[in-house]
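Residues per chain, in single letters:
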Protein chains: 2
Amino acid sequence: MTSIHEVAEAAGVSISTVSYALSGNRPVSEKTRRRIEDAVRELGYQPNAGARMLAGRRTNIFALTEPLRPDTHAPTHMAFVLAAAVAARKRGYDILLLTEEQASAGMSRVTASDLVDATLVLDVAPDDERVAIARSIRTPTIFIGIPDDNDGLHCVDLDFDAAGSLAVDRLADAGHHSIALIGQSELAYQRSNFPRRLLNGFRTRAEERRIAQSFHSSGTTVTEPRIVRRAVDAALESGATALVLHAADDVHEAVLDVLAERGLRIGDDLSIVSAGASFDTSALSVAIDTIPLIPQLSCDLAVDLAVRSLDEALTPSVHLIPPEYREAGSVAPPQHA
Amino acid sequence: MTSIHEVAEAAGVSISTVSYALSGNRPVSEKTRRRIEDAVRELGYQPNAGARMLAGRRTNIFALTEPLRPDTHAPTHMAFVLAAAVAARKRGYDILLLTEEQASAGMSRVTASDLVDATLVLDVAPDDERVAIARSIRTPTIFIGIPDDNDGLHCVDLDFDAAGSLAVDRLADAGHHSIALIGQSELAYQRSNFPRRLLNGFRTRAEERRIAQSFHSSGTTVTEPRIVRRAVDAALESGATALVLHAADDVHEAVLDVLAERGLRIGDDLSIVSAGASFDTSALSVAIDTIPLIPQLSCDLAVDLAVRSLDEALTPSVHLIPPEYREAGSVAPPQHA
DNA sequence: TTGAAAGCGTTACCAT
DNA sequence: ATGGTAACGCTTTCAA
């Protein structure tokens, strides 16, 4: 492998000058910098990663821990992994994957061996065991999601509470007095925090605005296709004139199907808002208003926090990303308003 | 951070003895080994990764490249990523994730900087651009999937051809004379190789055995729920008394639904075999015979090849994993046999 | 069975 | 603006 010595020789300078020219940590004359860059290009020089880690104090690698529980929604999860990788690369970092048992033990291992500069935590559970590990290690840890016990931790997430409230606000503003939330599976409300947070924001704001509200959980269409139908029927029977959906893409489509069967036109007969969805809602058969969950936003912020905490001492805190409302014409005043 | 020197001092030996005791590369007396292990435990010593990479010739990291195209089936993909990570960890390797643009450029980068010992390639396309890169780098590359141009490459995959043939054989052996394959989306037959290989095995064997056969592609239930129904109807109209399914989990369930609507009982009225599925088919509403795609098998083999090619010069070749037939009672002789 | 010491390829400090 | 060189923490050869 071609080393910094060969580059130095080819450019007729010392290795330290090559190092400085490449890192920019010290001014280098325009002329020699060019000679060095030429040599680098011609030789196809790429600094040795191990040597950099050893000499410098950075590995330029972030660990990404993902427990991958069986009930994890794969497409959403993949979107976050991808967004994290892209965000990290933009800042010059690679992603080291820690899955399953390694998500916890691995965190300690790669951190203690100085393999990574920081850790990003995905798929956060309310009582996540990685919280304890985060507190026991030296390197920074950023949670993408919010565990119950988040004292002293860096956390990043969509403000699901606000998303729930925002959905209610927009529907109430449009004149609706009775709305229903079709949410995730029962299990999701036990395993994760964010569904509860959205539900909480939904309920609280509905109460504040004296709006009648009801909640209906859904399964997944694959294993329990009929649950969606039941949820929709229950929502309609409750007298709701508007629906808030917090669910996966297939449930969205299934809900739209059921409504079409019932002869209900979106917007005209029934208003709908999708909240906290990370998939492309424009691919649905009917355009609907959305308060999206944008992985890129969370991951960019998480990576930014990670990078910054490498040389500053950041005050740990929970960063809630304000929800954003995207209109698509699926919300209108109720028929009997 | 605690270093090898502190361990050596605590154990009253030289650092080389500590190194040898830990690596096992040289016999160490029972007594001193124990003292060293005690010191390691008490000090919580973890060898510095950068130093190991630099001094040793191994990084103990594999790159995993995954382009993550929009049409990739997320659950299947996640299963492979997970299986690869687990397989690698079993052999002492971590996984460095290379996504999107990084899947190609990243391969050269991490390889040239000696960040990884080998590369695993996922989600292989027929004309995959990573083939050229694999040929241009020094470190071993293992493809999990088979590109069209695979000369001189290490490839690992389920023998989809044989899986297609096996499905035909079992149905023909049961007495069926007309069978239909409900396959993937049209797009999948352009973007990937494995659907074509299964289809090819299916057709070839059907012709060999003089079995009437037909093929029907399906969409995904999310975006095109009606395509599944059409595919099933077309299959039935073709006179098929048995179905081979090569599709995602939701399509499986949708097919079973349509058959239930038609009043057809699995096994009795119509035989079914699922081929090349990586999800848990036992979660379906009806138990069906399976020729599974087992990510763990491919990934274990891939990792094994990667590890072995680090010190032997392995002859490049395509490793086809023989398909396995799992009975569940969904295949029986045809009614009018 | 063990130890001393020469690298491994960088970075960054100290000079000039 | 540039060069020399001491770390960085480990692996492995050479000696004993």
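Here we summarise the structure given alongside this text. This structure is a prediction, so every number in the text was calculated from the model and none was measured. Think of each chain on its own: its residues are numbered from 1, step by step along the sequence as written. Here chains are named by letter from A upward and ligands by number from 1 upward, in the order in which they appear as written. Only residues with pLDDT of at least 70 are given local features in this predicted model, and only at 80 or more are side-chain atom pairs given and counted; all residues enter the totals for whole chains, interfaces and linings. To get the side-chain values, take all heavy atoms of the structure and skip hydrogens and water.

### Some remarks on the overall build of chain A
To be explicit about the condition: The helix count covers DSSP runs of H or I at least four residues long, the strand count covers runs of E at least two residues long, and both are numbered beginning at the N terminus. Exposed residues in this analysis have more than 50% of their type's maximum accessible area, buried residues have under 20%, and partly exposed residues fall in between, with area computed by a 1.4 Å probe over protein chains only. A contact between two residues is defined here by any heavy atoms of the two lying within 4.5 Å. A 1.4 Å probe and the Shrake-Rupley method give the accessible areas. Residues count as covered only by the protein chains that appear here. Working convention for charge: Lys and Arg count positive, Asp and Glu count negative, and His plus the chain ends are omitted. By convention, the charge on Lys lies at NZ, on Arg at CZ, on Asp at CG and on Glu at CD.
Secondary structure assignment for chain A yields 13 helices and 11 strands. Along the first, second and third principal axes, the C-alpha atoms of chain A reach 85 × 40 × 35 Å. Going through the 337 residues of chain A one by one, you find that 55% of them count as buried. At a minimum sequence separation of 6, the contacts of chain A that also span at least 24 residues come to 69%. Counting every atom, chain A has about 14500 Å² of accessible surface; 49% of that belongs to carbon and sulfur. When the 32 basic and 46 acidic side-chain charges of chain A are each reduced to a single mean position, those positions are 6 Å apart.

### Re the sheet that holds strand S10 (residues 289–291) of chain B
Residues and elements named next belong to chain B. Applied cut-off: Only strands joined by at least two bridges in the DSSP assignment are considered to pair. Angles run from 0 to 180 degrees between N-to-C directions of axes, and those axes are lines fitted to C-alpha atoms, restricted for helices to the stretch in contact.
The 5 strands lie next to each other as S7-S6-S8-S9-S10, forming an open sheet whose pairing is parallel. Looking at which strands have only one partner, the edges of the open sheet turn out to be strand S7 (212–216) and S10. With strand direction ignored, the average angle separating the axes of adjacent strands in the sheet is 20°. As paired elements, strand S6 (residues 178–182) and strand S8 (residues 242–245) share 4 bridges and run parallel to each other. Within S8, the position partnered with Ile 182 by the bridge is Leu 245. Where helix H10 (residues 194–208) meets the sheet, it contacts S6, S7, S8 and strand S9 (271–275), and its direction lies at approximately 160° from that of S7. Sheet strands touched by helix H12 (residues 249–261): S6, S8 and S9. Its angle to S8, the strand with the most contacts, is close to 160°.

### Regarding the protein's contact with DNA strand D
Note the following rule: When we say a residue is near a molecule or strand, we mean one of its heavy atoms is within 4 Å of it. Under the rule applied, a polar contact is a pair of N or O atoms within 3.5 Å (in protein, one hydrogen donor and one hydrogen acceptor; residues adjacent in sequence only if both atoms are side-chain atoms).
Taken together, 28 residues lie around DNA strand D, and Thr 17 and Arg 26 of chain A together with Ile 4, Tyr 20 and Tyr 45 of chain B are the ones closest in. Here the atoms of DNA strand D within 4 Å of the protein split so that 52% fall in sugar or phosphate, with bases taking the remainder. Contact distances for DNA strand D include 2.7 Å between a phosphate oxygen and a backbone N or O atom of Ser 29 of chain A. Those elements that provide at least two residues to the surface near DNA strand D are helix H2 (15–23) and helix H4 (49–55) of chain A together with helix H2 (15–23) and helix H4 (49–55) of chain B.

### Looking at the protein's contact with DNA strand C
Test applied: Three classes are used: nonpolar for Ala, Val, Leu, Ile, Met, Phe, Trp, Tyr, Cys and Pro, charged for Asp, Glu, Lys and Arg, and polar for all others, with Gly counted as polar.
Contacts to DNA strand C come from 27 residues, most closely from Ser 19, Tyr 20 and Ala 55 of chain A together with Arg 26 and Thr 32 of chain B. The protein-proximal atoms of DNA strand C, defined as those within 4 Å of the protein, are 50% sugar or phosphate. Between DNA strand C and Ser 16 of chain B, the relevant distance is 3.4 Å, taken from a base nitrogen to a side-chain nitrogen or oxygen of the residue. Here Ser 29 of chain B contributes a backbone N or O atom positioned 2.9 Å from a phosphate oxygen of DNA strand C. Contributing elements (two or more residues each) for the surface near DNA strand C: helix H1 (4–11), H2 and H4 of chain A together with H2 and H4 of chain B. Tallying contributions element by element places H2 of chain A first for the surface near DNA strand C, with 4 residues. Here the residues of the surface near DNA strand C sort into 12 nonpolar, 12 polar and 3 charged.

### Re H2 of chain B
Residues and elements named next belong to chain B. Stated precisely, the cut-off is as follows: Directions from the helix axis toward the C-beta atoms define the arc.
Taken as a whole, H2 has its buried residues at Thr 17, Val 18 and Ala 21. Angularly, the buried residues of H2 cover 100° about the axis, an arc narrow enough to put them on a single face. Here the buried face of H2 lies against helix H1 (4–11) and helix H3 (30–43). Positioned one or two residues after H2, Gly 24 has a phi angle of 75°, which is positive.

### A word on the interface of chain B and chain A
Rule in force here: The buried area of a pairing is the accessible area, by a 1.4 Å probe, that goes missing from both parts when the two are put together, added over both. Definition used for salt bridges: Asp or Glu carboxyl oxygen within 4 Å of a side-chain nitrogen of Lys or Arg.
Contacts between the two partners involve 42 residues from chain B and, on the opposite side, 42 residues from chain A. Buried area between chain B and chain A, both sides added, is near 3800 Å², and the carbon and sulfur share of it is 68%. Seen at the junction of chain B and chain A, the total is 2 salt bridges. Taking the shortest distance from any N to any O, the salt bridge between Arg 109 of chain B and Asp 94 of chain A comes out at 2.8 Å. Inspection of the region where chain B meets chain A yields 6 residue pairs in polar contact (both at pLDDT 80 or more).

### Some points on the sheet that holds strand S9 (residues 271–275) of chain A
Residues and elements named next belong to chain A. Read across the sheet, 5 strands follow the order S7-S6-S8-S9-S10 without closing on themselves; strand pairing throughout is parallel. Of all strands in the sheet, those with a lone pairing partner are strand S7 (212–216) and strand S10 (289–291), marking the two edges. The sheet shows a mean angle of 20° between the axes of neighbouring strands, direction not considered. Across the sheet, helix H10 (residues 194–208) lies against strand S6 (178–182), S7, strand S8 (242–245) and S9, angled at about 160° from S7, the strand it touches most. Taken strand by strand, helix H12 (residues 249–261) contacts S6, S8 and S9, and its axis lies near 160° from that of S8.

### Quick look at the packing of aromatic side chains
Residues and elements named next belong to chain A. Formally: Only the six-membered ring of Trp is used, alongside the rings of Phe and Tyr, when aromatic pairs are assigned; centres must lie within 6.5 Å, and planes under 30 degrees apart are stacked while those over 60 apart are edge-to-face, with the rest tilted. A ring is considered to have a charge above it if a Lys NZ or an Arg CZ atom is located within 6 Å of its centre and within 35 degrees of its normal.
Applying the stated criterion across every chain yields a total of 6 aromatic pairs over all chains. Aromatic pair Phe 62 and Tyr 93: ring centres 4.1 Å apart, planes at 5°, arrangement stacked. Of the two residues, Phe 62 is situated in strand S1 (residues 61–66) and Tyr 93 in the loop between helix H5 (74–90) and strand S2 (94–99); the sequence distance between them amounts to 31 residues. One cation-aromatic arrangement involves Arg 170 over Tyr 325; the distance from NZ or CZ to the ring centre is 3.9 Å.

### Concerning unusual backbone geometry
Non-glycine residue Asp 114 of chain A carries a positive phi angle of around 55°. Mapped onto the secondary structure, Asp 114 of chain A falls in the loop between helix H6 (101–112) and strand S3 (118–121).

### What to know about the relation of the copies chain B and chain A
The criterion, for reference: To superpose the copies, least squares is applied to the C-alpha atoms of every residue with a pLDDT of at least 70 in both.
Here chain B sits on chain A after a turn of 180° about the axis and a move of 0.0 Å along it, with an RMSD of 0.1 Å. Both copies of the chain, as the preceding transformation shows, are related through a two-fold rotation axis. The overlap is high: 100% of the interface residues of chain B also sit at the interface in chain A, so the same surface is used on both sides.

### As for the environment of Ala 39 of chain A
All names here are of chain A. Mapped onto the fold, Ala 39 is located in helix H3 (residues 30–43). Residues Ala 39 and Glu 9, spaced 30 residues apart in sequence, show a C-alpha to C-alpha distance of 9.0 Å. Setting aside its immediate chain neighbours within four residues, Ala 39 contacts Val 7, Ala 10 and Ala 11.

### Focus: the pairing of S6 of chain B
Residue and element names in this part refer to chain B. Counting buried residues along S6, 5 of its 5 residues qualify, which places the element largely inside the surrounding structure. Neither face of S6 is exposed, since Ser 178, Ala 180 and Ile 182 on one face and Ile 179 and Leu 181 on the opposite face are all buried. Two elements, S6 and S7, share 5 bridges in a ladder whose sense is parallel. Paired with Ser 178 across the strands is Ala 212, a residue of S7.

### Quick look at the packing of H2 of chain B against H3 of chain B
All names here are of chain B. Put simply, the rule reads: Note on terminology: angles under 35 degrees are roughly parallel, angles over 145 are roughly antiparallel, angles of 65 to 115 are roughly perpendicular, and the others are oblique.
Two numbers describe how H2 lies on H3: the axes approach to 10 Å, and their chain directions differ by 90°. Relative to H3, the element H2 lies roughly perpendicular. On the side of H2, the interface is formed by Thr 17, Val 18, Ala 21 and Leu 22, while H3 contributes Arg 33, Ile 36 and Val 40. Considered class by class, the residues forming the contact of H2 with H3 number 5 nonpolar, 1 polar and 1 charged.

### Topic: the pattern of salt bridges
For the structure on display, the rule yields 54 salt bridges over all chains. When the shortest N-O distance is used, the salt bridge between Glu 30 of chain A and Arg 34 of chain A registers 3.5 Å. With a gap of 4 residues between them, Glu 30 of chain A and Arg 34 of chain A both fall in helix H3, about one helical turn apart. Arg 34 of chain A gets classed as partly exposed once you look at its relative accessible area, which sits at 47%. Across the pair Glu 261 of chain B and Arg 229 of chain B runs a salt bridge whose closest N-O atoms are separated by 2.7 Å. Note that Glu 261 of chain B is positioned in helix H12 and Arg 229 of chain B in helix H11 (residues 225–237), a separation of 32 residues in sequence. Here Arg 229 of chain B falls in the partly exposed class, since its relative accessible area comes to 33%. Bridged by salt links that share partners, the residues Asp 169, Asp 173, Arg 205, Glu 208 and Arg 209 of chain A form one connected network.

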